[in-house]
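As a plain string of letters, each chain reads:
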Amino acid sequence: MKKKIHFKSIRTKMILYFSSLVLLTITIFMFFSINYTKDNLMENSAENSRQLIEQVNLNIENYIDYMENISQVIISSSNVKNYLFHSGNGGLDSKLEEYFQVVLKARKDIYNIALYGDNGRYFINDGKAKRNPYARLEKKEWYQEAKAVGSDIVISSSHVQNMVDGDYKWVVTFSRGVVNPQTMKVEGLLMIDLNYDVINDLCGAISLGKKGYVYILDQKGEIVYHPQQQLILSGVKKEPLEEIINSEKSTSYIDENGEEKIYTPFQSVKTGWTIVGVVYTSELVKNEKTVQYMYIGLGSVLTALAILLAFLMSNGITRPLKQLKAAMKEVQEGKFEPVYAAVKGDNEIASLNRSFNRMTEHIDELMKKNTTEQAEKRKSEMKALQSQINPHFLYNTLDSIIWMIETGDQEEAILMTSALAGFFRQAIGKSDVFVTIWEELEYTKNYLIIQQMRYKDKIDFNIMVNQDIMECMIIKLVLQPLVENALYHGLKYKEEKGTIRITGYQQRGNIVIKVMDDGIGMDQETLKSIFHKKSRVGGRYNGVGMVNIQERMVLYYGEGFGLFVESEVGIGTTVTVTLPYRLSEEINEDK
Amino acid sequence: MKINKNGIIISLLMLSVFFLIAALILSDEFKTDKNAKVILIPKVYDESNDFWMSLISGAKSAAKEFQVELTILAPDVENDYEKQKEYICEAIRQKPDVIALTPIMYSEMTEEAKKVKEAGIKLILIDSKIDEEIEESYIGTNNIEAGIQLGTKMLEYVKKDTKIAIVSHVKEASTAIEREKGVREGLGKEEGRIQTVLYSNSDYDQAYILTKQLMQEHPDIDLIVGLNLYSTVGVARAINEMKLGRKVNIVGFDNDIEGIRYLESGVINALIVQKPFNMGYFGIQKAAEAAAGNAVERTIYSETEIITVDNIYISENQKLLFPF
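Keep in mind it's a predicted model, so treat the numbers as computed, not measured. (Residues numbered from 1 in each chain as written. Chains lettered and ligands numbered in written order. Predicted model: local features only at pLDDT ≥ 70, side-chain atom pairs only at ≥ 80, totals over all residues.)

## Describing the overall build of chain A
Tallying secondary structure elements over chain A gives 17 helices and 17 strands in all. Counting all 591 residues of chain A, 33% fall into the buried class. Counting contacts in chain A only where the partners sit at least 6 residues apart, residues at least 24 apart contribute 65% of the total. (Helix = DSSP H or I, 4+ residues; strand = E, 2+ residues; numbered from the N terminus. Buried ≥ 20, exposed ≤ 12 C-beta atoms within 10 Å, placed from the backbone. Contact = placed C-beta atoms within 7 Å.)

## Brief notes about the sheet that holds strand β9 (residues 260-267) of chain A
All names here are of chain A. Overall, antiparallel pairing links the 5 strands, which are arranged β7-β6-β10-β9-β8 in an open sheet. Since the sheet does not close on itself, it has two edges, and those belong to β7 (223-225) and β8 (251-254), each with one partner. Going across the sheet, the axis of each strand differs from the next one's by a mean of 35 degrees, ignoring polarity. Across 5 bridges, strand β6 (residues 213-217) lies against strand β10 (residues 274-280) in antiparallel orientation. Considered in β10, the bridge of Ile216 is made with Ile275. (Pairing = 2+ DSSP bridges. Axes fitted to C-alpha atoms, helices over the stretch in contact; angles between N-to-C directions.)

## Quick word on the pairing of strand β1 (residues 110-117) of chain A
All names here are of chain A. Within β1, 7 of the 8 residues are buried, leaving the element largely enclosed by the surrounding structure. In this sheet, strand β5 (residues 185-195) lies alongside β1 in antiparallel orientation, the contact comprising 7 bridges. Looking at the pairing, Gly117 lines up with Gly188 of β5. Inspection of the sheet shows β1 paired to strand β2 (residues 122-124) by 3 bridges, in the antiparallel sense. In the strand pairing of β2, Leu115 is matched with Phe123. The turn joining β1 and β2, which pair antiparallel and follow one another in sequence, is formed by 4 residues; a positive phi near 100 degrees is taken by Gly120.

## Focus: helix α2 (residues 50-65) of chain B
For α2(B), which comprises 16 residues, the first-to-last C-alpha distance of 22 Å matches the rise-based estimate of 22 Å (1.5 Å per residue) to within 8%. Backbone geometry just downstream of α2(B) places B:Gln67 in the positive-phi region, at approximately 50 degrees. (Expected span 1.5 Å × (residues − 1).)

## Side note on the sheet that holds β5(A)
Residue and element names in this part refer to chain A. Judged by pairing direction, the sheet is antiparallel, and its 5 strands sit side by side in the order β2-β1-β5-β4-β3 without closing on themselves. Because the sheet does not close on itself, it has two edges, and the strands there are β2 and β3 (154-161). On average, adjacent strands in this sheet sit at an angle of 20 degrees to one another, irrespective of strand direction. Note that β3 and strand β4 (residues 169-180) share 6 bridges and pair antiparallel. What sits directly across from Ile155, in β4, is Phe174.

## Let's talk about the confidence of the model for chain A
Residues and elements named next belong to chain A. Per-residue pLDDT for chain A averages 81, and the proportion of residues at 70 or more is 89%. The low-confidence segment residues 1-7 (pLDDT under 50) makes 4 contacts with residues lying over four places distant or belonging to another chain. Low confidence marks residues 535-543, where pLDDT is under 50. Its contacts with residues over four positions away, or in another chain, come to 28 contacts. (pLDDT = per-residue confidence, 0-100.)

## Focus on the environment of A:Val269
Note on placement: A:Val269 falls in the loop between β9 and β10. Separated by 208 residues in the primary sequence, A:Val269 and A:Glu61 place their C-alpha atoms 9.0 Å from one another.

## As for helix α9 (residues 257-265) of chain B
The α-helix advances 3.6 residues per turn, and as a result positions three or four apart in sequence lie on the same side. Residues and elements named next belong to chain B. Turning to α9, its buried residues are Gly259, Ile260, Arg261, Tyr262, Leu263 and Glu264. The secondary structure elements touched by the buried residues of α9 are α8 (229-241), β10 (268-274), β12 (304-308) and α11 (315-321). The first or second residue beyond α9 is Gly266, which carries a positive phi of 90 degrees.

## Let's talk about the environment of B:Glu132
Within the secondary structure, B:Glu132 is located in the loop between β4 (122-126) and β5 (137-141). Distance from B:Glu132 to B:Lys114, taken between C-alpha atoms, is 9.2 Å for residues 18 residues apart in sequence.

## Looking at the pairing of strand β7 (residues 194-199) of chain B
Residues and elements named next belong to chain B. Bridge count between strand β6 (residues 164-168) and β7: 5 bridges; the pairing is parallel. Its bridge partner lying in β7, Ile164 is registered against Ile194. Handedness of the crossover is the feature at issue here: the chain leaves β6, passes through helix α6 (residues 174-187), returns alongside β7, and the resulting connection is right-handed. (Right-handed = clockwise from strand over helix to strand, strands pointing away.)

Structure below.
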């Protein structure tokens, strides 16, 4: 139960809302940014590959430049031409040897330098190297191409050079036609073999992730370098060859193991080769995962922050609310005056608090007023009761009874005694403030009976009250004092017999009871002074004064209810009592 | 104050759930990051031996591609099977996931191979087999198939009166038996032309001597097939020396520089070459698969290629004949 209530607390709600908001935001953010980063990573990797490949290309082109320079120098040398195209040249061998050796010693990456003349003359490296008689150079593709092109440089693919006897080395051959100055035709060929290790090392050193690699294709789509050349040539592995040469952008392919790879090609203008960088997407994705973890971490931190913030904020809201709640509880328990929830500030809760404070003050005021009223009521009742137990009335009545017994008028004595008993039973016995109209009338009747017996020929009375109001409630001691007043102030001074009439009925939701006498009446002046506490007529003379009745009526019923007195000298007085129509239950509720 | 405590508990709970998920994903990641450990034991590590260097290079290439932690333990001299046995024991001590072995001996190292299995290490055999089939997978040349390939090629050199001699290596060796069987099958109805089968015992000189004797005894033989490198080269040396290159056609298994020179000069007419790079590559690929707990094929045959003087330098073959 407690937990349930707790879950509904503002703080918990705020924490939930805040955290879900943060998590939602981060999830969306993550989704978009991961998509973005994926593209970004692809782009970056392509860019990275491209830079590395460009570096490879730059290095290769450096070699080419160098080869071009050397070959240019060699083919323009008259010694070379003379050696190739003129027979009987004694000292040229040593000159060429010296020349070639300088180059070969300076550049370890140059494996062979060879000159071949169409006429069968040749010179390889130091001039002492034997030509492989079975080399069949003229059958090699690169040789044929170099022959066809003329004096321009031709770069072969990677191949095994077998022109030197017993020597088989992987090289890339740069060949160039040598022009015979006499015929002005290309009649010889210069070949420079670049050690393939150079390219091997260059490409092998490139790191494209743990698994990525570089490969090189020539113009025809043949492999110059590939770390798994054997696998590709024997068809075990497939690699996009022709497709790559024709594409300029990074493209991804899926290999036979189901791995996605990104191929970034770079076309070398000088060599016509295509250098391709290959990166495994799975390795990029690994990086991407790191980014995801970063987001998850960020999400955790932000959620924690959100929770903290929710705490602080909900504290800011709930603390004054809790204070207010505590204050309300005190009010609930009945303490009014010292309860002031002290909330500073200008926000809604502070204003709520101020309203609460005002309300408490108001209630406090009302409570005080109520207490005073209650005290007053009690005082009035006390007064009424005190007046009721007026000893003179008792003495007189008892005197009358004694006198009746003495005269032997036993029946009268019994009647009077029982009336007196009834009268007092009601006056003293019942402590309730309210009685039914019937009870009040009985009480009044007993009183009237007693008085009638005492002043035999002087009083007559007549009660005509509608049955439907008999069960309605009325404040105790309203009618009897009025009757008493009528007797003592109206009929007492009349020579003949006087009559008191009481009527009662319902009128517009109220009850109207009239006490009428045909006594001496009052002049206007006396009438006006009735409700002055100090007037002789209104004041306490015998029984309950008009003022007391009026006060009590207003206290219990409110303004608008009470007594209305009409009188005319010599004709009589009519007192009209107006009270709300209330049945017994309603009165009880009022209490 | 109570609410405070509860709130903290809730937030801690949410955080811990978050971190738990993160940790789960991370641990999953670490699992896949763990590389398989494989030890390769070739017959020899000798930089001048193209076949084995090529096989090792294929293995390294696969190790990079499949992210395998590869260690190579190899004798310095070929046929040092005692040393290889020691290396097998050493490899078991290192507790790899897989041991890839190229056994030097057919029956002498079966006991060591069993120890590998007993240690819970998976065994892969490359190039050669042992006398019990306890390996996870075998990767090598299908010798019968290669023999058929060569035998079929030999038909091109069969003339009307052609007589054939076979120079094998070791009489009981599985490769010798299988290759001979294949050659006979490839020759088909011309099988009857086979005059004799000689055994060089994997020795150049013995092959050389045997060939000289053969040619003296049977001058009419004009097609000789060598069933391994030693036999083939020994035969070529003898024929070249006897200046019978034009008359006698030679075909054979495997290659080295000498063999290629004889091929270039026309002494040898055709060589059938294996693909050691591919073998090494497949060996480690299968090792990686076995280490990951996947089922691997029991036998994987690596192809062979017929090389003649006309196709030595085509790009497909250059890399086979001259791996470096």
